[in-house]
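# Fold and geometry: a report
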Amino acid sequence: MVQAYILIQTEVGRAALAAASIAEISGVSSSEEVSGPYDVIVRVETTDAARLTDDIVPQIQKVDGITRTLTCPVVGTR
């Protein structure tokens with residue numbers, strides 16, 4: 001199992017809509033609007049790294065209003 005957090009910046013006023021759209025993508029376990037330097041934080045759980053980088057991240061990046069993403073793979077589990 002591969003897990004990652006994706007930190008997202010959006011255009012002004014687009015965070016809620018982006019978070020809702022991202023929540024519908026397969027592999028996304030949570031998508032929340034936040035305040036601070038990023039507008040949305042997404043948690044992804046998938047079967048392998050290739051699916052994360054080749055399928056899920058590109059789908060997220062295509063969501064309207066997103067200006068930048070930063071993918072942070074989880075390296076350890078409890």
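I will try to describe carefully the structure that is included in this document. The structure presented is a predicted model; accordingly, all values stated were derived computationally and were not measured. (Residues numbered from 1 in each chain as written. Predicted model: local features only at pLDDT ≥ 70, side-chain atom pairs only at ≥ 80, totals over all residues. Heavy atoms only, no water.)

## As for helix H2 (residues 49–61)
Rules: Numbering goes from the N terminus for both helices and strands, where a helix is a DSSP run of H or I of at least four residues and a strand is a run of E of at least two. One less than the residue count of a helix, multiplied by 1.5 Å, gives the span that helix is expected to have. Working definition: with a 1.4 Å probe on protein chains only, accessible area under 20% of the residue-type maximum means buried, over 50% means exposed, and in between means partly exposed. Whether two residues are in contact is decided by their heavy atoms, any of which lying within 4.5 Å being enough. Any N or O atom pair separated by 3.5 Å or less is treated as a polar contact, with the protein-specific requirement of one donor-capable and one acceptor-capable atom, and with residues adjacent in sequence counted only for side-chain atom pairs.
Relative to the 18 Å expected for 13 residues at 1.5 Å per residue, H2 spans 17 Å between its end C-alpha atoms, a close match to the ideal helical length. Taken residue by residue, H2 has Leu-52, Ile-56, Val-57 and Ile-60 as its buried positions. Looking at the buried positions of H2, the neighbouring elements they touch are strand E1 (2–10), helix H1 (15–23), strand E2 (28–33), strand E3 (40–46) and strand E4 (66–73). The residue sitting at the N-terminus of H2 and contributing the capping side-chain oxygen is Asp-48; that oxygen lies 3.1 Å from the backbone nitrogen of Ala-50.

## Quick notes on the sheet that holds E1
Paired through backbone hydrogen bonds, the strands of a sheet run either parallel or antiparallel to each other. What counts, and what does not: When DSSP locates at least two bridges between a pair of strands, those strands are taken to pair. Lines are fitted to the C-alpha atoms to define the axes, a helix being fitted only along its stretch in contact, and any angle between axes, read from their N-to-C directions, falls within 0 to 180 degrees.
Across the sheet, 4 strands lie side by side as E2-E3-E1-E4; this open sheet has antiparallel pairing. Every interior strand has two partners, whereas the edge strands, E2 and E4, have only one. Averaged over all adjacent pairs, the angle separating strand axes in this sheet is 15°, with direction ignored. Of the strand pairs in this sheet, E1 and E4 are connected by 7 bridges, and their pairing is antiparallel. By the bridge assignment, Ala-4 is partnered in E4 with Pro-73. Seen against the sheet, H1 touches E1, E2, E3 and E4 and runs at an angle of roughly 175° to E2.

## Brief notes about the pairing of E1
Bridge count between E1 and E3: 7 bridges; the pairing is antiparallel. When the sheet's bridge partners are listed, Leu-7 is paired in E3 with Ile-41.

## Here's the deal with the environment of Arg-68
Along the polypeptide, Arg-68 turns up in strand E4. Overall, Arg-68 belongs to the exposed group, its relative accessible area being 54%. Sequence separation between Arg-68 and Thr-10 is 58 residues, and the spatial gap between their C-alpha atoms is 7.0 Å.

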